There are 2 protein chains.
Amino acid sequence: MSALFNGISEKEKNKLFTLLHTHVYTFEDNINIIPTIRNTNIIGIVDEGSIEFTKTNYYGDTTLIEVLEKDDIFGTSISSLYNNEVELITKGKTTVIIIDFKRLMKEENISKSYYNIFIQNLFTILNEKIKDKNDRISILTNKTIRNRLLEYFNSNRAAGTNNVYLPFNFTNLAAYLGVDRSAMTRELKYLKEERLIEIKGKRITILY
Amino acid sequence: MSALFNGISEKEKNKLFTLLHTHVYTFEDNINIIPTIRNTNIIGIVDEGSIEFTKTNYYGDTTLIEVLEKDDIFGTSISSLYNNEVELITKGKTTVIIIDFKRLMKEENISKSYYNIFIQNLFTILNEKIKDKNDRISILTNKTIRNRLLEYFNSNRAAGTNNVYLPFNFTNLAAYLGVDRSAMTRELKYLKEERLIEIKGKRITILY
DNA sequence: ATAAAATTGTTGCACTTGCAACATTTTACA
DNA sequence: TGTAAAATGTTGCAAGTGCAACAATTTTAT
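For the structure given in this document, a descriptive report is provided here. Remember, it's a predicted structure, so these values are computed and weren't measured experimentally.

## Let's talk about the packing of aromatic side chains
Alright, step 1. All told, the structure shown has 21 aromatic pairs over all chains when counted by the stated rule.
Alright, step 2. Ring geometry for Tyr58(A) against Tyr208(B): centres 5.9 Å apart, planes inclined by 40°, an arrangement best described as tilted. With Tyr58(A) in the loop between strand E2 (42-56) and strand E3 (62-68) and Tyr208(B) in the segment after strand E8 (203-206), this residue pair bridges two chains.
Alright, step 3. Its relative accessible area of 34% is what places Tyr208(B) among the partly exposed residues.
Alright, step 4. Measuring from centroid to centroid gives 6.1 Å for Tyr152(B) and Phe153(B), while their planes differ by 70°, and the two rings are edge-to-face. As far as burial versus exposure is concerned, Tyr152(B) and Phe153(B) are alike and both buried.
Alright, step 5. In this structure an aromatic cluster arises from ring pairing among Phe101(A), Phe123(A), Phe101(B) and Phe123(B).
Alright, step 6. One Lys or Arg, Lys13(B), reaches over the ring of Phe5(B) and ends 4.5 Å from the middle of that ring.
Alright, step 7. Lying across the ring of Tyr176(B), Arg136(B) places its NZ or CZ 4.6 Å from the centre.

## Side note on the sheet that holds strand E7 (residues 197-200) of chain A
Residues and elements named next belong to chain A.
Alright, step 1. Strand order in this open sheet of three strands is E6-E8-E7, and the pairing throughout is antiparallel. Looking at the sheet topology across the chains shown, the edges are occupied by strand E6 (163-165) and E7. Strand after strand, the sheet turns through a mean of 20° between neighbouring axes, direction not considered.
Alright, step 2. Pairing analysis gives four bridges linking E7 to strand E8 (residues 203-206), with the strands arranged antiparallel. Note that in E8 the partner of glutamate 198 across the bridge is threonine 205.
Alright, step 3. Contacts from helix H5 (residues 145-154) reach E6, E7 and E8, with the element oriented near 95° to E8.

## Notes on the protein's contact with DNA strand C
Alright, step 1. Of all residues adjacent to DNA strand C, which total 18 residues, the nearest are Thr144(A), Ile145(A), Asp180(A), Thr171(B) and Ser182(B).
Alright, step 2. Sugar plus phosphate, as a fraction of atoms of DNA strand C within 4 Å of the protein: 52%.
Alright, step 3. Interatomic distance of 3.0 Å between a backbone N/O atom of Asp180(A) and a phosphate oxygen of DNA strand C.
Alright, step 4. Here a phosphate oxygen of DNA strand C sits 3.2 Å away from a polar atom, N or O, in the main chain of Phe170(B).

## Some remarks on the pattern of salt bridges
Oppositely charged side chains can pair when the atoms bearing their charge come close.
Alright, step 1. On inspection of all chains with the given rule, the structure shows 18 salt bridges over all chains.
Alright, step 2. Of the charged contacts in the structure, one is a salt bridge between Lys55(A) and Glu85(A), with a shortest N-O distance of 3.3 Å. Of this pair, Lys55(A) sits in strand E2 while Glu85(A) sits in the loop between strand E4 (73-74) and strand E5 (86-100), and the two are 30 residues apart along the sequence.
Alright, step 3. Its salt-bridge partner being Glu187(B), residue Arg146(B) comes within 2.9 Å of it at the nearest N-O pair. Of this pair, Arg146(B) sits in helix H5 (residues 145-154) while Glu187(B) sits in helix H7 (residues 181-193), and the two are 41 residues apart along the sequence.
Alright, step 4. Connected through salt bridges with shared partners, the residues Lys55(A), Glu85(A), Lys131(B) and Asp135(B) form a single ionic network.

## Some remarks on the pairing of strand E3 (residues 62-68) of chain B
Residues and elements named next belong to chain B.
Alright, step 1. Looking at chain direction, strand E2 (residues 42-56) and E3 are connected through six bridges and run antiparallel. Within the sheet, the bridge partner assigned to phenylalanine 53 lies in E3 and is glutamate 66.
Alright, step 2. Between E2 and E3, which pair antiparallel and follow one another directly, the connecting turn spans five residues, one of which, glycine 60, has a positive phi of 100°.

## Some thoughts on the pairing of E8(B)
Residue and element names in this part refer to chain B.
Alright, step 1. For strand E6 (residues 163-165) and E8, the ladder comprises three bridges, and the chain directions are antiparallel. From the neighbouring strand, valine 164 faces E8, where its bridge partner is isoleucine 204.
Alright, step 2. Between strand E7 (residues 197-200) and E8, which pair antiparallel one after the other, the connecting turn spans two residues, and glycine 201 there sits at a positive phi close to 65°.

The rules behind the values
Residues numbered from 1 in each chain as written. Chains lettered and ligands numbered in written order. Predicted model: local features only at pLDDT ≥ 70, side-chain atom pairs only at ≥ 80, totals over all residues. Heavy atoms only, no water. Phe/Tyr/Trp six-rings, centres within 6.5 Å; stacked < 30°, edge-to-face > 60°. Helix = DSSP H or I, 4+ residues; strand = E, 2+ residues; numbered from the N terminus. Buried < 20%, exposed > 50% of the residue type's maximum accessible area, 1.4 Å probe, protein only. Lys NZ or Arg CZ within 6 Å of the ring centre and 35° of its normal. Pairing = 2+ DSSP bridges. Axes fitted to C-alpha atoms, helices over the stretch in contact; angles between N-to-C directions. Contact = heavy atoms within 4.5 Å. Near = heavy atom within 4 Å. Polar contact = N/O pair within 3.5 Å; in protein donor to acceptor, adjacent residues only side chain to side chain. Salt bridge = Lys/Arg side-chain N within 4 Å of Asp/Glu carboxyl O.

Note that every value here comes from positions in space, so none of it alone points to a role or purpose.
So this is what it looks like as structure tokens:
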């Protein structure tokens, strides 16, 4: 659960949506939602389902930028919908809440305390997004698969432990690390043989 | 020049700084400024000089995350100062303006129109930062030096032209792309020989 | 103007990795 | 419960790239 509505009651949340004239859209599985919401300066919130945010370069290679789950945000003023190589593809039936960014910034809203909390939460989430991206950049600048794995494991330990719980499967881990999956599997085998890690399902234990 | 003070006059800017109780710090060359500003929930603005934002992983490899120039922003609520592997190193004598984030979010400020513009500008800048990082991630997931170069060139054309003007030298380009500099030089030679690009100083012309 | 420092260019070599092609196992779903 | 689909595991091989070590050039500072 994201922090977007932290400190805001369900009642206030509904008031906020009225105040901001939010729109709700529902999409079937595997739809690019950008054509529906394009040309508007908006903030979108995933309310149900999930969305894969991808970017395709000029020769057709696609990068998975992030997976947006319930209460994650996206939008012109947050990511880069204006870029036509970018797609937001629904995974499963998906509902999104759309807020007009201009309305969000209207002064008359400001007397409401929950409005201020909402703006603060938005900043906090953007902060976390930037931090996550910095972390991924740091990992991607490693020159070997081994170092990418080790840095990933190191910076994703469960607090106070030597365990990492993968938030996705190994195929997606390879994509996240920007490496060939089979080559990554080989490297994981070496790491296990050298007893630097142990793997049990999606739990990796760091032994080094 | 960043957009942080777009639509805000110099007079209003000074009023804003008074309103927000900003602090100004000046540092000599090559100082890590984090110890001075740590433990505060702040937004920092570079007013003079520049700052290299680096991240060092657990085995000592350092990644240059971004270079902050005049009017660029940083901070707990924007990047990840709480992370102790992170450094903000001044390049040359550098002055920064520090704004307490809590104060920035105080409701009593809100009647001022320039305050609202300032908040909007902050969102816009964060948006651009996220977009830049997404672009870099997209480039870094390419598996060959050649493809990283070509995608970089393609997504950094000067508007409406086939020219790219490097904002840094080739050594830093290699760091940005996460590749060995000498290997990159070799690849650039091949690209020139195959007449896919032309290089004249820091101007690259795309011929493909 | 000159020395020092930084940047750029070059190349051999070892090694990592992508790729392809396929086997095996697990998961999804009708 | 059975079958298709997805995920994981394996391996040979060619190709790309990091690394090291050095030369040449350009920039910076005094």
